[in-house]
Amino acid sequence: MDFGFSPTANLRKTLIVRTCAVGDFVLNLPALVALQKAHRGARFTLVGNASTLELAGEFVAVDAIGSIEGPPWARLFYETIPDLEFDSAIVWMKDPIVADNLRASGIPNVIRADPFPEFGHAADHLLRSLKLARPALPDLWKPGSNDVVVHPGSGSAKKNWPHFEELMGRSSGIKPLPQNLSLVELADYLCRCRAFAGNDSGIAHLAAYLGCPTVALFGPTDPRIWGPIGRRSRIIWKTRLEDISVDEVLRMIIHE
């Protein structure tokens, strides 16, 4: 970790660099929310995967969102960018080059931290990098139907529970996730479902964080580090993902 950032630093205009998929960014939201609570007047420009970062605007004050692969931000991998008008920058990246070039670009307060934890939950690691406590989890769940939504996909085939078709066949109230929604639209939809069930995926992290009753199925990934966080989040974890039975998932969904 690169130090130099102080809790008393000016965060009026803060640049956040976080390159990640949906699930990892949802685990980053507590750190951003805690930062906003500690610095009420702070406004953020976020750079990374732009389609993922748009979710942040639902939780903190966002001025702009940029792609790390587009101008001018891609230049930070090899040179400075003159005339950047930020009071502070936070970079969650293992490689120090982007943070180094932001300092050399004239931003007075820059912190860089590895986004992956050496111990404990990933969300708490990100909070520790800012010396902030975990804020209260949001409760945005306003169920408007009896539908239980399932998402059988994830970022890796080895994380996919193989029994979703059987699960959906056991109840007419269990439906697949709608397609072609933006993250913000999807968040609104998940807030209105009765419950959600899915693999270790970004959508499961999103559903849980919003407060939707969530059943997340884990096998090869350790949920003590990467599990979804939320007021109504529950996890079934077995070494062999396929050993999680349909009956187990149904019982937990009914309990929810």
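Read on for an overview of the structure.

## Considering the side chain of Asp-147
Tracing the chain through its elements places Asp-147 in the loop between α4 (122-128) and β6 (148-151). A polar contact is formed between the side chain of Asp-147 and the side chain of Lys-175, at a distance of 3.4 Å. Sequence-distant contacts of Asp-147, defined by excluding residues within four places in its chain, comprise Gly-173, Lys-175, Cys-193, Arg-194 and Ala-195.

## Thoughts on the environment of Gly-48
If you trace the backbone, Gly-48 turns up in strand β2 (residues 43-48). A relative accessible area of 3% means that Gly-48 is categorised as buried. In sequence terms Gly-48 and Phe-119 are 71 residues apart; their C-alpha atoms lie 25 Å from each other.

## A short note on the packing of helix α6 (residues 183-191) against helix α7 (residues 202-210)
Helix-helix packing is described using two parameters, namely the angle between the two axes and the distance between the axes. The N-to-C vectors of α6 and α7 enclose an angle of 55°; their axes lie 9 Å apart at closest approach. One way to sum up the angle between α6 and α7 is to call them oblique. Both α6 and α7 take part in a crossing whose hand is right-handed. Contacts between α6 and α7 pair Leu-183, Leu-186, Ala-187, Leu-190 and Cys-191 from the former with Ile-203, Leu-206, Ala-207 and Leu-210 from the latter. Classifying every residue of the contact of α6 with α7 gives nine nonpolar, no polar and no charged.

## Comments concerning the sheet that holds strand β5 (residues 109-113)
The strand order β3-β2-β1-β4-β5 describes an open sheet built from five strands, whose pairing is parallel. The strands lining the two open edges of the sheet, one partner per strand, are β3 (62-67) and β5. Sheet twist, expressed as the mean angle between neighbouring strand axes with direction ignored, is 15°. Two strands pair when backbone bridges link them, and strand β1 (residues 13-18) and β2 are joined in this way by six bridges, in the parallel orientation. Its bridge partner being in β2, Arg-18 is matched across the sheet by Gly-48. Lying over the sheet, helix α1 (residues 22-38) contacts β1, β2 and β4 (88-92), oriented at roughly 160° with respect to β1.

## Brief notes about the pattern of salt bridges
Across all of its chains, the model carries 15 salt bridges by this definition. Here Asp-87 makes a salt bridge to Arg-12, at a shortest N to O gap of 3.8 Å. Placement of Asp-87 in the loop between β3 and β4 and of Arg-12 in the segment before β1 is noted, with a sequence separation of 75 residues between them. Exposure remark for Asp-87: the relative accessible area of 15% places this residue in the buried category. Under the relative-accessibility criterion, Arg-12 is labelled exposed at 52%. Measuring nitrogen to oxygen at the nearest pair gives 2.5 Å for the salt bridge that ties Arg-43 to Asp-63. Residue Arg-43 is found in strand β2, and its partner Asp-63 is found in strand β3; the two are separated by 20 residues along the sequence.

Definitions and limits used
- Residues numbered from 1 in each chain as written.
- Predicted model: local features only at pLDDT ≥ 70, side-chain atom pairs only at ≥ 80, totals over all residues.
- Heavy atoms only, no water.
- Helix = DSSP H or I, 4+ residues; strand = E, 2+ residues; numbered from the N terminus.
- Polar contact = N/O pair within 3.5 Å; in protein donor to acceptor, adjacent residues only side chain to side chain.
- Contact = heavy atoms within 4.5 Å.
- Buried < 20%, exposed > 50% of the residue type's maximum accessible area, 1.4 Å probe, protein only.
- Axes fitted to C-alpha atoms, helices over the stretch in contact; angles between N-to-C directions.
- Parallel < 35°, antiparallel > 145°, perpendicular 65-115°, else oblique.
- Left-handed = near helix turned anticlockwise from the far one by under 90°.
- Nonpolar A, V, L, I, M, F, W, Y, C, P; charged D, E, K, R; others polar.
- Pairing = 2+ DSSP bridges.
- Salt bridge = Lys/Arg side-chain N within 4 Å of Asp/Glu carboxyl O.

Function cannot be inferred from these measures alone, as they are strictly geometric.
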